[in-house]
Amino acid sequence: MYLIDLEYFPRVNYIINLYKSGSVHFSSLEPFKKSTFRNKMQVSSSSGILTLSIPLRGGRSVKLTYGEVEIDYKANWQNLHFKTIRTVYGSAPYFQFYAPVLSELYAKKIERLFDWNILCFDSFLKLSKMSNMIQYSSTQVVNKEMLKPSEIIPNEDFQKGLELHTYEQVFSKKIGFKPNMSCIDMLMNLGPDSGKYIMDLTNKLH
């Protein structure tokens, strides 16, 4: 079993590492790290890469474990994030099929960031039909002696492989293919073929 950090609608290189790991554990007990993808994701827009961030209570001064960090709902960030997804991927092949589920997801107000990210990840697995490819646990208490750190492939190395294995993105003809976006990008453009894409990438990296 591997101990893996949990991202907000994870990037593609993260998904492939989960697939390679087989069985993973998402830890809520680690100290919360700032400037990570725990509370942000990146999508490919008409003007390039766009970053969406979830505001947190306490902002940059947060000094808690991951599982204790609370989401700040003073601003309607959920409406902004879903509106952005709709704007960026409205013409993507699978948006119309997944929009109702995402609309319902972004209407939920989950108190803690870790719980929200679990909900988002579960939604991705179900929509992409990858639930049978990635097994995970997220219990609050874990025997760390049974776990070992995951070997994360550096982004720059992974992107070299992605450049040779592109897929059609909404704005790829205008701005070129943008690798290692949030899994939302892969989902909207590939739908149920997302699992095959991840498996093909894994084979190319060996």
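See the structure printed just above.
Worth saying up front: this structure is predicted, and the values here are computed from it rather than measured. (Residues numbered from 1 in each chain as written. Predicted model: local features only at pLDDT ≥ 70, side-chain atom pairs only at ≥ 80, totals over all residues. Heavy atoms only, no water.)

> If you had to explain the nonpolar core to someone new, which residues and values would you point to?
Residues Phe9, Phe26, Tyr106 and Phe124 are the most contacted members of the largest nonpolar core, which totals 56 residues. Where this core is concerned, the elements lending two or more residues are helix H1 (12-21), strand E2 (23-26), strand E3 (40-45), helix H2 (77-89), helix H3 (95-105), helix H4 (113-128), helix H7 (183-190) and helix H8 (194-204). Here phenylalanine 124 is in contact with Phe9, Ile15, Met130, Cys183, Met186 and Leu187, once residues within four sequence places are set aside. (Core = buried A, V, L, I, M, F, W, Y, C linked by side-chain atoms within 4.5 Å. Buried < 20%, exposed > 50% of the residue type's maximum accessible area, 1.4 Å probe, protein only. Helix = DSSP H or I, 4+ residues; strand = E, 2+ residues; numbered from the N terminus. Contact = heavy atoms within 4.5 Å.)

> An account of the state of the cysteines is requested, with residue identities and associated values reported.
The tally for this structure, following the rule as stated, stands at zero disulfides. Considering cysteine sulfurs only, cysteine 183 is the nearest to cysteine 120, which forms no disulfide, with 8.7 Å between them. (Disulfide = S-S within 2.5 Å.)

> Could you give an account of the packing of aromatic side chains, naming the residues involved and the relevant values?
Summed over all chains, the structure comprises twelve aromatic pairs. On the basis of an interplanar angle of 90° and a centroid distance of 5.5 Å, the ring pair of tryptophan 77 and tryptophan 116 is categorised as edge-to-face. Within this pair, whereas tryptophan 77 is found in helix H2, its partner tryptophan 116 is found in helix H4, the two being separated by 39 residues in sequence. The pair formed by tryptophan 77 and tryptophan 116 is uniform in burial state, with each residue classed as buried. Residues phenylalanine 82 and tyrosine 106 carry aromatic rings whose centres are separated by 6.2 Å and whose planes lie at 35° to one another, so their mutual orientation is tilted. Of this pair, phenylalanine 82 sits in helix H2 while tyrosine 106 sits in the loop between H3 and H4, and the two are 24 residues apart along the sequence. When its relative accessible area of 13% is taken as the criterion, phenylalanine 82 is described as buried. Members of the aromatic cluster, each reached through a chain of ring pairs, are Tyr73, Trp77, Phe82, Tyr106 and Trp116. Positioned above the aromatic ring of phenylalanine 37 is the side chain of arginine 11, whose terminal nitrogen or guanidinium carbon lies 3.9 Å from the ring centre. The lysine or arginine in question, lysine 40, covers the ring of phenylalanine 37, its NZ or CZ lying 5.2 Å from the ring centre. (Phe/Tyr/Trp six-rings, centres within 6.5 Å; stacked < 30°, edge-to-face > 60°. Lys NZ or Arg CZ within 6 Å of the ring centre and 35° of its normal.)

> Report on the pattern of salt bridges, specifying residues and quantitative values.
Applying the stated criterion across every chain, the model contains three salt bridges. Ionic pairing is found between arginine 11 and glutamate 7, a salt bridge with its closest N-O pair at 2.5 Å. Arginine 57 serves as the salt-bridge partner of glutamate 70, at 2.8 Å between the closest nitrogen and oxygen. Taken together, the positions of glutamate 70 in the loop between strand E4 (48-53) and H2 and arginine 57 in the loop between E4 and H2 put the pair 13 residues apart, joining distant regions of the chain. (Salt bridge = Lys/Arg side-chain N within 4 Å of Asp/Glu carboxyl O.)

> Explain the pairing of E3 to me, using residue names and the numbers behind them.
Among the six residues of E3, five are classified as buried, and the element is accordingly described as predominantly covered. Pairing between E3 and E4: six bridges, direction antiparallel. Its bridge partner being in E4, lysine 40 is matched across the sheet by serine 53. Counted along the chain from E3 to the antiparallel partner E4, the turn is two residues long. (Pairing = 2+ DSSP bridges.)

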